[in-house]
Amino acid sequence: MQHTIDYRLLSKTVKVILVGAGGTGSQVLTGLARLDRALRALEHPGLDVVVFDDDTVSDANVGRQLFYPCDVGHSKAEVLVTRVNAAFGIGFKAFHARFDKNTAPLRQHGESCIVIGAVDTRKSRQEILAFTQRHYVDYWLDIGNRAGDGQIVLGQPLREGEKNWHMRLPLVTELFPSVLEEDQPEDDLPSCSLAEALERQSLFINQAMATHALQLLWQMFRTGVIDHSAIFVNLDTGRVNPLPIDREAWLRFGHRTHRKPPTRKPR
C-alpha cells in the first residue's frame, strides 16, 4: 500500500528540525542542503532547517564524523551549519543547545514540519516524542544504529488527545518500544580516540544510514508517495530491507491501527 504525502509539503516551505549533529546528523545535514537546492531547482520553496546539538567537536570525532582537526573544541551544530550555509548560500540555523520538549515550535503558521532524530539515547527520543505530542509535527524521521546495522523509521506523530487513525505511519517508539525503556544502555558514551570509537561503530554506518534516510525524503518530495515507512540496514551482511506500509507488517511488531479513520480536526 502507498502513503500519500500531504500537498502542503509539496508546495510550501517545510520546516525541518534536525536533532543531533554527530555521526549521522552531520551526514544528514549536508544531504539536506543538497535536497534543498534540488527542490528549489524544481520550483519547490525549499527547506527551512534548524539544527540542535549541545556537544562540541572532539579529536575522536574527526574521521568518523564530518569534522576537521580545526573544528575541535567548537560547537558541532554551529560548525556544520556555518559550513553548509557558506557552500550553498543558504540560511540554515544552528542551536548549540540540547533539544527538549519545551523547545519553541519554531515553525511559522501553516508551515509543515518534519523532525529528524539522529540520536541514540532514550532520553533524546523521549524529548522528541514529548515535543511532537505538544506541537504540530507532520513526520518524525528517526535514524538509529548500532555497530554495523540500524533502522530508519518515518512516523506520523499524534498530539495529546488525538486518536489514532487508519494507516497512520507508526513511530519508532511504537514499532520498537524498547528505545524508551529505562533499562536500555546509552549508546553515545564519549570516546578518547578515533580507534576507540571504531571499536563500537563501523566507519561508514552513519553515512549508510543517512543516505537511505535522505533517499526516503527525496522520494517523498519528488513523487509525493512512498510504499515503505521503515528501512533496516545491515552493513555486515550487505542487506537493506524496507518495511512496507501494511497493517499486517506492522502487526508483526505489535502495532495495531484502527480499521476506520476517525474524523480529524483541521490543523
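Residues numbered from 1 in each chain as written. Predicted model: local features only at pLDDT ≥ 70, side-chain atom pairs only at ≥ 80, totals over all residues. Heavy atoms only, no water.

**Q** How should I be thinking about the overall build of the chain in this particular structure?
**A** Counting its regular elements, the chain contains eight helices and 10 strands. Put simply, the chain has 267 residues, and 50% of those count as buried. As presented, the chain carries roughly 13100 Å² of accessible surface, and 51% of it is formed by carbon and sulfur atoms. (Helix = DSSP H or I, 4+ residues; strand = E, 2+ residues; numbered from the N terminus. Buried < 20%, exposed > 50% of the residue type's maximum accessible area, 1.4 Å probe, protein only. Areas by Shrake-Rupley, 256 points an atom, 1.4 Å probe, with all protein chains shown as cover.)

**Q** Before we go on, may I ask you to explain the sheet that holds strand β9 (residues 228-234) in this structure?
**A** Strand pairing in a sheet takes place through backbone hydrogen bonds and is either antiparallel or parallel in direction. With respect to topology, eight strands assemble into an open sheet ordered β4-β3-β2-β5-β6-β7-β9-β10, the strand pairing being mixed. The two strands at the open ends of the sheet, each matched to only one other strand, are β4 (93-95) and β10 (239-244). Recorded for the sheet is a direction-independent mean angle of 15° between the axes of neighbouring strands. Bridge analysis of strand β6 (residues 139-145) against strand β7 (residues 149-155) gives six bridges, and the strand direction is antiparallel. Among the inter-strand pairings, G144 is bridged to a residue of β7, identified as Q151. Contacts from helix α2 (residues 23-41) reach β2 (14-19), β3 (47-52), β5 (112-117) and β6, with the element oriented near 170° to β3. Where helix α3 (residues 76-88) meets the sheet, its contacts fall on β3 and β4, and the angle it forms with β4 comes to roughly 170°. (Pairing = 2+ DSSP bridges. Axes fitted to C-alpha atoms, helices over the stretch in contact; angles between N-to-C directions. Contact = heavy atoms within 4.5 Å.)

**Q** Which parts of the structure should I look at to understand the packing of aromatic side chains?
**A** Two aromatic rings, taken as a pair, are described by how far apart their centres are and by the angle between their planes. Scanning the entire structure with this criterion turns up six aromatic pairs. Between F52 and F99 the ring centres are 5.2 Å apart and the planes differ by 75°, which places this aromatic pair in the edge-to-face class. Of this pair, F52 sits in strand β3 while F99 is found in the loop between β4 and β5, placing the two residues 47 residues apart along the sequence. Given the relative accessible area of 5%, F52 is considered buried. Counting every residue linked through ring pairs, the aromatic cluster contains F52, F95, F99 and F131. (Phe/Tyr/Trp six-rings, centres within 6.5 Å; stacked < 30°, edge-to-face > 60°.)

**Q** Just checking my understanding: could you explain the packing of α2 against helix α7 (residues 205-223) for this structure?
**A** When two helices pack together, you describe them by how their axes are tilted relative to each other and by the distance separating the axes. Running from amino to carboxyl end, α2 crosses α7 at an angle of 30°, the nearest separation of the two axes being 9 Å. Accordingly, the angle class assigned to the pair α2 and α7 is roughly parallel. For the crossing formed where α2 meets α7, the hand is right-handed. The residues of α7 that touch α2, namely those facing G23, T24, Q27, V28, G31, L32, L35, A38 and L39, are N206, Q207, A210, L214, L217, W218 and F221. (Parallel < 35°, antiparallel > 145°, perpendicular 65-115°, else oblique. Left-handed = near helix turned anticlockwise from the far one by under 90°.)

**Q** Would you explain the pattern of salt bridges in this entry?
**A** Any two side chains of opposite charge can pair, so long as their charged atoms come close to each other. Evaluated as defined, the whole model comprises 14 salt bridges. Salt-bridge contacts for R8 lead to D138; the nearest nitrogen and oxygen are separated by 2.8 Å. Separated by 130 residues along the polypeptide, R8 in helix α1 (residues 7-11) and D138 in the loop between α4 (122-134) and β6 bring together distant segments of the chain. Neither R8 nor D138 differs from the other in exposure class; each is buried. Residue E127 pairs with K123 through a salt bridge whose shortest N-O separation is 2.9 Å. Of this pair, E127 and K123 both sit in helix α4, four residues apart, roughly one helical turn. Counted as one network, the salt bridges with shared partners bring together D6, R8 and D138. (Salt bridge = Lys/Arg side-chain N within 4 Å of Asp/Glu carboxyl O.)

**Q** Explain the nonpolar core here, please?
**A** Soluble globular proteins: nonpolar side chains tend toward being buried together. Counting residues in hydrophobic clusters, the biggest one holds 70 residues, and the most contacted among them are I17, L29, L32, L47 and I116. Considering each element in turn, this core owes the most residues, 10 residues, to α7. (Core = buried A, V, L, I, M, F, W, Y, C linked by side-chain atoms within 4.5 Å.)

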